[in-house]
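One-letter residues, chain by chain:
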Amino acid sequence: MQDIERIVEPVVMVDLLRQWDAVREEARALVTTAEAQAAQQEKDGSARKAASTREKARLAAAKLVTDFQAHLGAVRVLDPACGSGNFLYVALKRLMDLEALVLAEAGLYGVGSFDLPPIVHPRQMLGIEIEGFAAELASVTLWIGYIQWNHTHGGYYQVPVLQQLENIENRDALLNEDGTEADWPAATYITGNPPFLGDKVMRDRLGAEITEAIRKVYGDRLPGQSDLVCYWPEKARAMVEAGITRRAGFVTTNSIRGGKNRVVLERIKASGDLFMAWPDEPWLQDGAAVRVSLFAFDGGSEQVKVLAGQPVADINPDLTAHADVTRAVVLAENRGLSFQGPVKIGPFEVAAEVGARWRNEPNPDGVDNRNVVRPWVNGMDLTRRRSGKWIVDFDIMDEVEAARFVAPFQYVLEKVKPERQNNAREVRRRLWWRLGETGSALKTAVAPLKRFIGIARVAKHLIPVWVDGETLPDSAVVAIARDDDFTFGVLASTIHRFWALKQGTALEDRPRYTPSTCFETFPFPNPTDEQRAEIEKWARYVVTMREHLLAQDAKATLTGLYNDVVRLRAEPDATHPVTALVKAHADLDQAVAAAYGWEWPLSEDEVLARLLALNLERAGHAS
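Below: a short report on this structure. (Residues numbered from 1 in each chain as written. Predicted model: local features only at pLDDT ≥ 70, side-chain atom pairs only at ≥ 80, totals over all residues. Heavy atoms only, no water.)

1. Topic: the overall build of the protein
Which entries qualify depends on this criterion: Only DSSP runs of H or I with at least four residues qualify as helices, and only runs of E with at least two residues qualify as strands; both kinds are numbered from the N terminus onward. Relative accessibility thresholds used throughout: buried, under 20% of the residue-type maximum; exposed, over 50%; partly exposed, between the two (1.4 Å probe, protein chains only). For every accessible area listed, the method is Shrake-Rupley and the probe measures 1.4 Å; residues are considered covered only by the protein chains on display. We treat Lys and Arg as the positive residues and Asp and Glu as the negative residues; His and chain ends play no part in the count. Charge placement uses NZ in Lys and CZ in Arg. For Asp and Glu, CG and CD serve respectively.
For the protein, the helix and strand inventory stands at 22 helices and 19 strands. Once the C-alpha set of the protein is aligned to its principal axes, its extents read approximately 100 × 80 × 50 Å. Counting all 623 residues of the protein, 49% fall into the buried class. As displayed, the protein has an accessible area near 29400 Å², and 53% of this comes from carbon and sulfur atoms. Distance between charge centroids for the protein: 5 Å, based on 73 positive and 86 negative side chains.

Below you can see the structure in the form of structure tokens.
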């Protein structure tokens with residue numbers, strides 16, 4: 001049963017438990033909010049109003065929970081090759097487990113067991129089985145599971161205890177008697193263990209007529225050399241694509257990963273996505289030990305992907321995760337070039353007009369405020385519009401030296417010191433006039449440069465931006481200590497974006513760019529002079545086109561522009577002004593790919609595989 005649970009759990013229960021968690025939290029939030037309101041009403045002397053507030057919240061929470069129970073009662077699980085019903089047996093008992101949690105939660109809101117009896121029932125388990133005896137046995141298996149669960153949990157018995165089940169159908173799952181394609185009943189989830197018959201064995205076991213009928217009916221979807229097991233995932237895939245089914249998962253022979261069999265997995269990837277797989281596992285089939293593949297898929301909404309029990313970025317049609325970029329290592333040529341901006345630990349930044357005024361104010365000792373009041377950017381400055389703010393940065397000065405800069409020091413004394421005195425780190429309390437991290441390495445690296453490349457650490461889009469060399473970036477910015485258009489162009493390319501998205505982490509739904517994994521491991525191309533010049537040209541044009549588009553609309557932002565870029569790549573519109581930026585990036589991508597010696601375009605998987613190979617090759621050479 002544990003092996004069956006490896007399919008039933010991710011296909012059926014993970015989805016339902018997520019839904020239940022959301023409902024439960026919403027119900028509890030209603031009651032918590034109402035309780036706070038009622039407490040205030042009581043405090044104001046309105047006991048009746050407080051009671052009403054609590055009762056309304058209780059009823060609303062109870063409705064959410066009871067509606068979810070009704071939702072559970074509407075769930076249908078289909079095993080289209082159900083045999084004696086083992087997959088359905090496991091799914092039924094897990095649904096009953098979840099319903100028990102729902103009923104217990106309902107009790108918190110005053111809904112008793114007589115008001116809300118259990119409704120999950122064996123009728124919700126749908127099966128198709130070609131063998132008559134096995135189909136009958138599947139019905140008995142479901143009843144046994146239902147009665148066992150109720151006996152164990154002090155449960156609820158309907159009368160009569162055993163009822164006729166019409167939901168287990170004794171028929172062929174692939175063909176009707178007239179040779180046309182068989183339909184499956186609508187189901188929320190589909191799971192099972194279809195029959196294992198290889199391409200060459202099908203004629204011997206099924207007969208030439210049936211085999212040819214299957215090949216003909218499904219010939220526009222699957223190759224004629226497909227093993228029998230492939231047709232079940234294909235039909236499930238079609239139901240997921242049609243929106244009838246939320247998720248599906250199967251145990252099949254491990255040969256489904258290769259040759260013509262893999263076409264069904266490619267079709268699953270094309271219309272949805274794989275989110276779980278065990279590519280090569282032992283299994284007992286009719287008493288014989290075989291090797292199987294377990295996999296699950298949906299329409300592409302599941303973001304968490306697990307391969308052989310380990311999280312992966314993606315699962316390929318051969319049930320592997322090619323280009324495991326976590327194997328990439330830091331390259332010597334990229335060391336000392338990328339930095340996270342210093343952490344402030346206090347409100348060291350000031351408005352544009354204040355900073356501009358201070359920079360022109362004289363000091364008694366003749367020191368220049370320009371040495372400590374610097375332009376400042378954070379992540380939103382890069383992805384939206386520049387705020388024009390400045391930052392007070394005394395670098396590694398002692399307190400006496402910092403005090404010579406009168407206005408900036410007074411500001412830090414008033415605004416920063418009180419906050420820093422409560423900091424948990426002694427050094428930050430003691431050196432309160434300095435930034436939390438001085439960023440010495442960053443400052444040293446960019447000091448000779450008139451400009452450097454800035455990338456917002458967390459943003460919807462990866463957008464390299466030129467930053468003036470005098471500017472101090474915030475900790476929300478990654479600074480690349482390069483001032484050449486070639487580096488900028490490569491970092492702005494789709495090739496680098498693919499790498500960074502896989503190597504970085506994420507904050508909610510936004511990618512996070514990390515210097516150590518996204519930049520330091522990235523293998524830049526080694527271009528000819530002509531190839532370098534081509535990348536530089538298109539890099540400059542990308543920047544020029546951005547600036548041109550932003551100048552047309554005072555409310556436009558880089559994030560907005562790149563929202564349009566993404567949309568226009570999917571739905572081209574030659575009349576849209578941002579199409580010129582889309583074209584600029586396409587030409588830049590072509591130039592960067594040429595510098596690697598690659599044809600373009602390439603799939604993301606292929607780019608990652610090639611970059612990983614190049615990374616490991618260079619790391620090996622370096623060692």
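2. Section: empty space enclosed by the protein
Unfilled space is identified by rolling a water-sized probe across the atoms. This is how it is decided: Here a cavity means grid points, on a 1 Å grid over the protein atoms only, where a 1.4 Å probe fits yet cannot get out; a pocket means an open set of points with protein on both sides within 12 Å along at least five of seven lines; lining residues are those with an atom within 4 Å of a point. Grid points are joined across faces, edges and corners, and a volume is the space filled by probe spheres set on the points. Residue classes follow a fixed rule: Ala, Val, Leu, Ile, Met, Phe, Trp, Tyr, Cys and Pro count as nonpolar, while Asp, Glu, Lys and Arg count as charged, and any other residue, Gly among them, counts as polar.
Evaluation of the coordinates by the stated rule reveals one cavity of 30 Å³ or more. Taken together, R237, V240, E241, I268, S271, G272, F297 and D298 make up the lining of the largest cavity. Contributions of two or more residues to the lining of the largest cavity are made by α7 (231-241), α8 (262-271) and β7 (288-298). No other element matches the three residues that α7 contributes to the lining of the largest cavity. Each residue belonging to the lining of the largest cavity can be placed in one class, and the counts come to three nonpolar, two polar and three charged.

3. Focus on a nonpolar patch on the surface
Going by this rule: The patches described consist of residues with a relative accessible area above 30% and no salt bridge, like charges being joined within 9 Å and nonpolar side chains (Val, Leu, Ile, Met, Phe, Trp, Tyr) within 5 Å. Each reported salt bridge corresponds to a side-chain nitrogen of Lys or Arg within 4 Å of a carboxyl oxygen of Asp or Glu.
Residues F133, L137, V140 and I144 make up a contiguous nonpolar surface patch of roughly 390 Å² in combined accessible area. Structurally, the position occupied by V140 is in helix α4 (residues 132-152). With relative accessibility at 44%, the residue V140 sits in the partly exposed group.

4. Overview of unusual backbone geometry
The linkage connecting W600 with the following residue, P601, adopts the cis geometry, with an omega of 10°. Mapped onto the secondary structure, P601 falls in the loop between α21 (579-596) and α22 (604-622). Unusually for a residue other than glycine, A308 sits at a positive phi of about 55°. Within the element layout of this structure, A308 appears in the loop between β8 (305-307) and β9 (310-312). Assessed through its relative accessible area of 37%, A308 is described here as partly exposed.

5. Topic: the packing of helix α1 (residues 2-43) against helix α2 (residues 47-74)
Cut-off, in case you're wondering: Axis definition: a line fitted to C-alpha atoms, over the contacting stretch in the case of helices. Angles run 0 to 180 degrees between N-to-C directions. These descriptions rest on fixed angle ranges, namely under 35 degrees for roughly parallel, over 145 for roughly antiparallel, 65 to 115 for roughly perpendicular, and the rest for oblique.
Direction vectors running N to C along α1 and α2 enclose 175°, while the axes themselves pass 8 Å from each other. In terms of orientation, α1 lies roughly antiparallel with respect to α2. Across the contact of α1 with α2, the residue classes tally to 17 nonpolar, five polar and five charged.

6. Considerations on the environment of D398
This is how it is decided: Should any heavy atoms of two residues lie within 4.5 Å, those residues are considered in contact. By the criterion applied in these results, polar contacts are pairs of N or O atoms within 3.5 Å in which, for protein atoms, one can donate a hydrogen and the other can accept it, and in which residues neighboring in sequence qualify only through two side-chain atoms.
Inspection of the secondary structure assignment puts D398 in the loop between β13 (390-392) and α11 (399-403). Owing to a relative accessible area of 41%, D398 belongs among the partly exposed residues under this scheme. For the pair D398 and R434, spaced 36 residues apart in the sequence, the C-alpha separation amounts to 8.8 Å. If near-sequence neighbours (up to four positions away) are discounted, D398 is found in contact with W433 and R434. Among the polar contacts listed, one links the side chain of D398 to the backbone nitrogen of V400, at a separation of 3.2 Å. From its side chain, D398 meets the backbone nitrogen of E401 in a polar contact 2.7 Å long.

7. Overview of the sheet that holds strand β16 (residues 472-473)
Strands in a sheet are paired, the pairing made by backbone hydrogen bonds, and the direction either parallel or antiparallel. Under the convention used in this document: DSSP-based pairing: two strands are paired if at least 2 bridges between them are found.
Read across the sheet, four strands follow the order β11-β13-β12-β16 without closing on themselves; strand pairing throughout is mixed. The open sheet is flanked by β11 (349-350) and β16, the only strands paired with a single partner. Pairing of strand β12 (residues 373-377) with β16 involves two bridges; the strand directions are parallel. Note that in β16 the partner of V377 across the bridge is P473. Those strands touched by helix α12 (residues 406-415) are β11, β12 and β13, and its axis lies near 80° from that of β13.

8. Thoughts on the sheet that holds strand β10 (residues 338-340)
Read from one edge of the open sheet, four strands run β10-β17-β14-β15, paired in antiparallel fashion. Sheet topology places β10 and β15 (465-468) at the edges, where each strand pairs with a single neighbour. Going from strand to strand, the sheet's axes swing by 35° on average, the running direction of each strand aside.

9. Concerning the environment of R123
Among the secondary structure elements, R123 is positioned in the loop between α3 (86-108) and β2 (125-129). R123 gets classed as partly exposed once you look at its relative accessible area, which sits at 41%. The sequence separation of R123 and L175 amounts to 52 residues, and the corresponding C-alpha distance is 24 Å. Setting aside residues no more than four positions away along its own chain, R123 makes contact with R76, Q163, L165 and N167.

10. Brief notes about the packing of aromatic side chains
Our working rule: Each pair of aromatic rings taken from Phe, Tyr and Trp, with Trp reduced to its six-membered ring, is defined by centres within 6.5 Å and is described as stacked if the planes are under 30 degrees apart, edge-to-face if over 60, and tilted in the remaining cases.
Taken as a whole and judged by the stated rule, the model has 15 aromatic pairs. Arranged with centres 6.4 Å apart and planes meeting at 50°, the rings of F394 and F405 form a pair that is tilted. Pair noted here: F394 is in the loop between β13 and α11 and F405 is in the loop between α11 and α12, with a separation of 11 residues, a long-range link. As far as the burial class goes, F394 and F405 line up, both buried. Measuring from centroid to centroid gives 5.5 Å for W432 and W433, while their planes differ by 85°, and the two rings are edge-to-face.

11. Observations regarding the pattern of salt bridges
Considering all chains together, one arrives at 44 salt bridges under this definition. Close ionic contact of D587 with K583 constitutes a salt bridge, the shortest N to O distance being 2.6 Å. Taken together, the residues D587 and K583, both in helix α21 and four residues apart, mark about one turn of the helix. Overall, the relative accessible area of 48% leaves K583 in the partly exposed class.

12. Brief notes about the pairing of strand β4 (residues 189-192)
Residues Y189 and T191 line one face of β4 and the alternating positions I190 and G192 line the opposite face, and both faces are buried. Two strands pair when backbone bridges link them, and strand β1 (residues 77-79) and β4 are joined in this way by two bridges, in the parallel orientation. Along β4, the bridge assignment pairs V77 with Y189. As defined by bridge partners, β4 adjoins strand β5 (residues 247-253) across four bridges and the pair is classed as parallel. Across the sheet, the residue bridging to I190 is A248, located in β5.

13. Remarks on the side chain of E105
Residue placement: E105 occurs in helix α3. Judged by relative accessible area, which is 5%, E105 ranks as buried. Those residues in contact with E105 that sit more than four places away from it in its chain are W20, R24, R28 and V65.

14. Considering the packing of helix α5 (residues 199-206) against helix α6 (residues 208-217)
Contact geometry of α5 with α6 gives a least axis separation of 6 Å together with a crossing angle of 130°. It follows from the interaxial angle that α5 and α6 lie oblique. Within the contact between the two elements, α5 uses D199, M202, R203 and L206 and α6 uses A208, I210, T211, E212, I214 and R215. Each residue belonging to the contact of α5 with α6 can be placed in one class, and the counts come to five nonpolar, one polar and four charged.

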